[in-house]
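Examining the three-dimensional arrangement
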Amino acid sequence: MTGRLEDKVAIVTGGARGMGAATSRLFAREGARVVIADLLEEEGTALAQELGDNALYQRLDVADEASWIALVETVMSRHGRIDALVNNAAIVAFAPIVELSADLIDRVLAVNVKGAMLGLKHVGGKMCAAGRGAIVNISSVDGMRGVNSLSLYSSSKWAVRGLTKSAALEFGPLGVRVNSVHPGGVNTVMGNPQNLEGTAKNVGYERVPLQRIGEPEEIAAASLFLCSDEASYIAGAELSVDGGWAAGYYHHYLPGAPASLTSI
Ligand SMILES: NC(=O)c1ccc[n+]([C@@H]2O[C@H](COP(=O)([O-])OP(=O)(O)OC[C@H]3O[C@@H](n4cnc5c(N)ncnc54)[C@H](O)[C@@H]3O)[C@@H](O)[C@H]2O)c1
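The following refers to the structure shown. Every value quoted in this text rests on a predicted model; they were computed, and no experiment measured them.

Thresholds applied
Residues numbered from 1 in each chain as written. Predicted model: local features only at pLDDT ≥ 70, side-chain atom pairs only at ≥ 80, totals over all residues. Heavy atoms only, no water. Helix = DSSP H or I, 4+ residues; strand = E, 2+ residues; numbered from the N terminus. Rg over C-alpha atoms; globule rule 2.2 N^0.38 Å. Buried < 20%, exposed > 50% of the residue type's maximum accessible area, 1.4 Å probe, protein only. Areas by Shrake-Rupley, 256 points an atom, 1.4 Å probe, with all protein chains shown as cover. Lys, Arg positive; Asp, Glu negative; His and termini not counted. Charge placed at Lys NZ, Arg CZ, Asp CG, Glu CD. 1 Å grid on protein atoms, 1.4 Å probe; cavity = no way out; pocket = protein on both sides within 12 Å on 5 of 7 lines; lining within 4 Å. Points joined across faces, edges and corners; volume = space filled by probe spheres on them. Nonpolar A, V, L, I, M, F, W, Y, C, P; charged D, E, K, R; others polar. Core = buried A, V, L, I, M, F, W, Y, C linked by side-chain atoms within 4.5 Å. Contact = heavy atoms within 4.5 Å. Expected span 1.5 Å × (residues − 1). Near = heavy atom within 4 Å. Polar contact = N/O pair within 3.5 Å; in protein donor to acceptor, adjacent residues only side chain to side chain.

**Digging into the overall build of the protein**
In terms of regular secondary structure, the protein is built from 7 helices and 7 strands. Each helix (α) and strand (β) of the protein, taken in turn from the N terminus, gives the series β-α-β-α-β-α-β-α-β-α-β-α-β-α. Taken over C-alpha atoms, the radius of gyration comes to 19 Å for the protein, in line with the 18 Å a tight globule of 264 residues would show. With respect to the principal axes defined by its C-alpha atoms, the protein has extents near 65 × 45 × 40 Å. When the 264 residues of the protein are sorted by exposure, 47% land in the buried category. About 12,800 Å² of surface is accessible on the protein, with carbon and sulfur atoms providing 55% of the total. Across the protein, 22 positive and 28 negative side-chain charges occur, with their mean positions spaced 4 Å apart.

Below, the structure is given as structure tokens:
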């Protein structure tokens, strides 16, 4: 199927690389006019050139309100409308709680939480005024559980999940749908920083039901669905795209264990 976003204007934050780039590519292929909003100027410009006339790179720091205001002005003057927003930009930081600096806490929450909130405020605000639109907030499987040494990132992704519910309530009556997507491990700079290839990139995923890392295109497909009219009755939902990770860890029973379990 093609043309699932025909005539729609979509903004993808963090759209210059990784999952954001896969989302920008897929949205453009499905007929959207895509705005790649990212700090990475070189990558963003190159991707916009690759995608042709229907793509535009715009520098955005999601943590900076003035940057959002400028983005919305640019998109509205160029296209006159915004139909879809994927709040995808985020950063990750690994540290035990007792070693977290206040500055690091501020930075991660500013990008991951304030960034999504400002997107909802400025882009969502325009959508509500127009009476239509769809927003996808990219959370994580880590927004559904705790993770040692990832408390800061995990907290930010729980916040994005909670924010999604409140936004769905505020925006739903105005015709704007807000949902969250929860990726598991994904093959990007964030999820595979050593750029491992082949079976090596799946090491560590043995207990995830599908037993492998995800590809950015697999997450983009979920955002596409939620931003398309096929999801016209879906709001406030959370969609796991994680190879089954949120369902639980696959248990490798010790020899003999299943038999004794079934005899209980
Ligand atoms: N990769 C994973 O394993 C994984 C798993 C679960 C959730 N996620 C989430 O998926 C989303 C995309 O992650 P990814 O793996 O593609 O990461 P990535 O690091 O490859 O890409 C993130 C993009 O966000 C941009 N960005 C960072 N800070 C920004 C800012 N202040 N303003 C604008 N842009 C900014 C970066 O420049 C980059 O292009 C994130 O929300 C991430 O938390 C990733």
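**Quick notes on the layout of surface pockets**
The space that makes up the largest pocket amounts to roughly 1,200 Å³. Around the largest pocket sit 50 residues that line it, and Val92, Tyr153, Thr188, Met190 and Gly191 are the ones nearest its centre. Breaking the lining of the largest pocket down by element, the ones donating at least two residues are helix 1 (18-29), strand 2 (33-38), helix 4 (102-130) and helix 5 (151-171). In terms of residues, the lining of the largest pocket owes the most to one element, helix 1, which gives 3 residues. Considering only enclosed or pocket space, the second largest pocket measures out at about 160 Å³ in volume. Considered class by class, the residues forming the lining of the second largest pocket number 2 nonpolar, 4 polar and 5 charged.

**A look at the nonpolar core**
Counting residues in each nonpolar core, the largest one holds 30 residues, and the members touching the most others are Phe27, Val34, Ile36, Val86, Val136, Val181 and Cys227. Every element with two or more residues in this core is listed here: strand 1 (9-13), helix 1, strand 2, helix 2 (41-51), strand 3 (55-59), strand 4 (84-87), strand 5 (133-138) and helix 6 (216-227). If we skip the residues at most four places from it in the chain, Phe27 touches Leu5, Ala10, Val12, Ala32, Val34, Val86, Ala220, Ser223, Leu224 and Cys227. One finds Ala37, Trp68, Cys128 and Ala168 within the second-largest nonpolar core, a separate group that totals 29 residues.

**Things to note about helix 6**
Under the 1.5 Å per step criterion, the end-to-end length of helix 6 is 17 Å for 12 residues, consistent within 8% with the ideal 16 Å. Within helix 6, burial applies to Pro216, Ile219, Ala220, Ala222, Ser223, Leu224, Leu226 and Cys227. Buried residues belonging to helix 6 abut helix 1, strand 4, strand 5, strand 6 (176-183) and strand 7 (238-241).

**Quick notes on the site of the ligand**
Contacts to the ligand come from 29 residues, most closely from Arg17, Asp38, Asn88, Tyr153 and Thr188. Asn88 is positioned with one of its backbone polar atoms (N or O) 2.7 Å from an oxygen atom of the ligand. Within the backbone of Gly191, one N or O atom sits 3.3 Å away from a nitrogen atom of the ligand. Relative to its unbound accessible area of 830 Å², the ligand is 95% covered by the protein chains. Mapped by element, the contributors of at least two residues to the shell around the ligand are helix 1, helix 4 and helix 5. When its residues are assigned to classes, the shell around the ligand shows 15 nonpolar, 9 polar and 5 charged.

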